[in-house]
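Understanding the architecture of this molecule
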Amino acid sequence: MSAVRHVVGLLNLAPKSLSLRNFSTNTAKMGKSYVVGVGMTKFEKPGRRENFDYPDIAKEAVENALADAGLKYTDVEQACVGYVYGDSTCGQRALYPLGMTGIPVYNVNNNCATGSTALFLANQLVSSGISNCVLALGFEKMQKGSLSATFSDRANPVQPAVEAMMKVKDLEASPIAAQLFGNAGREHMEKYGTTAEHFAKIAWKNHKHSVHNPCSQFQDEYTLEQISGAPMVHQPLTKLQCCPTSDGGAAALVVSEEFVRQHGLESRAVEIVGMEMATDVPSALEGKSCIQAVGFDMTKLAAEKLFKKTGVSADDVQVVELHDCFSANELVTYEALGLCGVGKAGEFIDAGDNTYGGKYVVNPSGGLISKGHPLGATGLAQCYELSSQVRGEAANRQVEGATMGLQHNLGLGGAVVVALYKMGFPEQQQQKAKL
């Protein structure tokens, strides 16, 4: 009986002793967290750069983030490492050259939302009080050409989305991802009168933005006619409206307020105002809608939760980095995030409200379409861009008056992460700028 009483006593104590280690995403119960260092590599065409294996990619991205924060690798207490294509424990293999410090390393794979998922976990570890300094790292070394399934002897996690698409659209010979998102574009055209030119205008904008991004895989500007006249991949998407595969990496250092103050990092600290993750809801598979099949409703769910918890609205945002794997997904995401009303994306584009001089600047980095899309790195590259923007350090890409940035990173299968960023200690930033 004494042993039983001992076990019962431990169980009774468990809620109290574990209260600080609560992984709830309810920000009302969690502390603040800050990004104090960001770094990335230039995104490259797969295989173009020599001596650029994933440990080299990771080392460059992490060292850039550490230099940005003025920290050492030994300051890092835990690491969340995202990649899609690689063997188990690539995270350890990537980080060991930086130092074998014995820290926990979590390997993360969430399709195209992998990088932001690593960041989401790092944010939870810090805001829940478990750690004071966590590294979020994402990298990818990819094969050339369109994405395809790695395994043929087991269930494909994207198959349910493909089957949902086939309920309303015939399967064609084009790449599956292009069909999924392209058919979402077709559905928008059928429902709301959107035209092929609207999708082309998005790609034209993103390629134009990338000209000023030295880390972008492509830095070429095209005319609207060149965008529309490029080889057709899946109507209405031409090749220049589809993101390329890429090699590259990005990293962010997420820390607590205590860590910021102890290390005098107030002038560099970008507050993660809020961050939400969602996965598919039943309508993705049951809605008989290609727009819903590619994650519209989970994006809408995550965005609504984010805005409700933070008290921020889309109107408070000036700069957005969103998941434009195809121009069609950028278009439907405008509506899912609440940047414009449902069915109003065409008007939003025609008014120029997605670029410099309009209501928002969307994808000043060039987005996935032009910057590139190394799957594990994309979400952290978005964090890099938005941190640079709210710090006022984005050089020729700088959005005037950018004080609040919105992030959206989506993966089929499915997962989406949305986040808001602002300067955590604007007074200290302004004081440093005067020096």
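Model, not experiment: these values are computed from the prediction.

1. Brief notes about the packing of helix α7 (residues 196–210) against helix α13 (residues 327–336)
Viewed as axis vectors pointing N to C, α7 and α13 meet at an angle of 100°, and their least axial separation amounts to 8 Å. Between α7 and α13, the angle is such that the two are roughly perpendicular. Residues His198, Phe199, Ile202, Ala203, Lys205 and Asn206 of α7 lie in contact with α13, whose contacting residues are Ser327, Ala328, Glu330, Leu331 and Tyr334. Grouping the constituent residues of the contact of α7 with α13 by class yields six nonpolar, three polar and two charged.

2. Observations regarding the pattern of salt bridges
A full pass over the atoms with the stated rule returns 25 salt bridges. For Arg154, the salt bridge is made with Asp153, and the minimal N-O distance between the two is 2.9 Å. Note that Glu330 and Lys205 form a salt bridge whose closest N and O atoms lie 2.9 Å from each other. Separated by 125 residues along the polypeptide, Glu330 in helix α13 and Lys205 in helix α7 bring together distant segments of the chain. Salt bridges linked by common partners bring Asp68, Arg268, Arg391 and Glu393 together as one network.

3. What to know about the side chain of Ser116
Its location among the elements puts Ser116 in helix α4 (residues 114–127). At 2.7 Å, the side chain of Ser116 and the side chain of Asn409 are in polar contact. Apart from residues no more than four positions distant in its own chain, Ser116 is found in contact with Gly379, Gln407, Asn409 and Val417.

4. A few points about the confidence of the model for the protein
Scored by pLDDT, the protein comes out at a mean of 92, with 91% of its residues at no less than 70. Per-residue pLDDT stays below 50 along residues 1–24; that stretch engages in nine contacts with residues further than four places along the chain or on separate chains.

5. Notes on the packing of aromatic side chains
Here the structure, examined in full by the defined rule, presents six aromatic pairs. With 5.3 Å between their ring centres and 15° between their planes, Tyr54 and Phe139 make a pair best called stacked. Separated by 85 residues along the polypeptide, Tyr54 in helix α2 (residues 54–69) and Phe139 in strand β4 (residues 133–140) bring together distant segments of the chain. With respect to class, Tyr54 is no different from Phe139; both count as buried. A ring pair is formed by Phe348 and Tyr360, whose centres lie 6.1 Å apart and whose planes are at 45°; its orientation type is tilted. Of this pair, Phe348 sits in helix α14 (residues 345–350) while Tyr360 sits in the loop between α14 and β10 (361–362), placing them twelve residues apart in sequence.

6. Some remarks on the environment of Val233
When you line up the elements, Val233 lands in strand β5 (residues 232–234). Put simply, Val233 and Ala173 are 60 residues apart on the chain and 9.7 Å apart in space, counted from C-alpha to C-alpha. Sequence-distant contacts of Val233, that is, excluding residues within four places in its chain, are made with Ser174, Pro175, Ala178, Thr238, Lys239 and Cys242.

7. Quick notes on the nonpolar core
Counting 52 residues, the largest nonpolar core has Leu180, Tyr334, Leu339, Leu406 and Leu420 as its most contacted members. When near neighbours in sequence (up to four residues on either side) are disregarded, Leu339 contacts Ala314, Val320, Tyr334, Phe348, Tyr360, Val362 and Leu406.

8. Comments concerning the sheet that holds strand β11 (residues 405–411)
Reading across the sheet, the ten strands line up as β3-β2-β4-β7-β1-β8-β12-β11-β9-β10 and stay open at both edges, with mixed pairing between neighbours. Single-partner strands in this sheet number two, and they are β3 (105–108) and β10. Along the sheet, helix α16 (residues 378–391) contacts β1 (33–40), β4, β7 (248–256), β8 (270–278), β9 (319–321), β11 and β12 (415–423); its crossing angle with β1, the most-contacted strand, is approximately 110°.

9. Description of the pairing of β8
The buried count for β8 comes to eight of nine residues, which makes it a mostly enclosed element. Pairing of β1 with β8, which is carried by two bridges, proceeds in the antiparallel orientation. Considered in β8, the bridge of Val35 is made with Val270.

10. A short note on a nonpolar patch on the surface
On the surface, a nonpolar cluster with roughly 250 Å² of combined accessible area is contributed by Met166, Leu171 and Ile176. Taking the relative accessible area as the measure of exposure, Met166 reaches 40% and is therefore partly exposed.

11. Observations regarding the pairing of β7
Here is the key point about a regular strand: its side chains alternate between the two faces of the sheet. Of all nine residues that make up β7, nine are buried, and the element is covered over most of its length. Residue alternation in β7 divides its side chains into two sets, Gly248, Ala250, Ala252, Val254 and Ser256 and Gly249, Ala251, Leu253 and Val255, and both sets are buried. Strand direction decides the pairing type here: β4 and β7, joined by eight bridges, are antiparallel. Its bridge partner being in β7, Leu135 is matched across the sheet by Leu253.

The rules behind the values
- Per-chain numbering applies: the sequence of each chain, read as written, is numbered from 1 onward.
- For a predicted model such as this one, the threshold for reporting local features is a pLDDT of at least 70, and the threshold for listing and counting side-chain atom pairs is 80 or more; totals across whole chains, interfaces and linings nevertheless cover every residue.
- With hydrogens and water stripped out, all remaining heavy atoms of the structure feed into the side-chain values.
- Between N-to-C directions, angles span 0 to 180 degrees; the directions come from axes that are lines fitted to C-alpha atoms, helices contributing only their stretch in contact.
- Segments assigned H or I by DSSP are reported as helices when at least four residues long, segments assigned E as strands when at least two residues long, and all are numbered from the N terminus.
- Each angle receives one of four descriptions, namely roughly parallel if under 35 degrees, roughly antiparallel if over 145, roughly perpendicular if within 65 to 115, and oblique otherwise.
- Here, two residues are considered to be in contact whenever any of their heavy atoms come within 4.5 Å of each other.
- Just so you know the grouping, Ala, Val, Leu, Ile, Met, Phe, Trp, Tyr, Cys and Pro go in nonpolar, Asp, Glu, Lys and Arg go in charged, and all remaining residues, Gly too, go in polar.
- Whenever a carboxyl oxygen of Asp or Glu lies within 4 Å of a side-chain nitrogen of Lys or Arg, that contact is scored as a salt bridge.
- What qualifies as a polar contact is a pair of N or O atoms within 3.5 Å, subject to a donor-acceptor requirement within protein and to the restriction that residues adjacent in sequence count only when both atoms come from side chains.
- How sure the predictor is of each residue is captured by pLDDT, a score from 0 to 100.
- In this analysis, rings of Phe, Tyr and Trp, with Trp reduced to its six-membered ring, are considered paired at centre separations within 6.5 Å, and the interplanar angle assigns stacked below 30 degrees, edge-to-face beyond 60, and tilted for intermediate values.
- Think of it in three bands: with a 1.4 Å probe and only protein chains considered, a residue is buried below 20% of the maximum accessible area for its type, exposed above 50%, and partly exposed in between.
- In this text, buried Ala, Val, Leu, Ile, Met, Phe, Trp, Tyr and Cys residues form a nonpolar core when linked through side-chain atoms within 4.5 Å.
- For two strands to count as paired, DSSP must find a minimum of two bridges between them.
- For patch building, the residue pool is restricted to those with more than 30% relative accessible area and no salt bridge; the joining distance is 9 Å between like charges and 5 Å between nonpolar side chains (Val, Leu, Ile, Met, Phe, Trp, Tyr).
- Per-residue and other accessible areas follow the Shrake-Rupley method at a 1.4 Å probe size, with only the shown protein chains counted as cover for residues.

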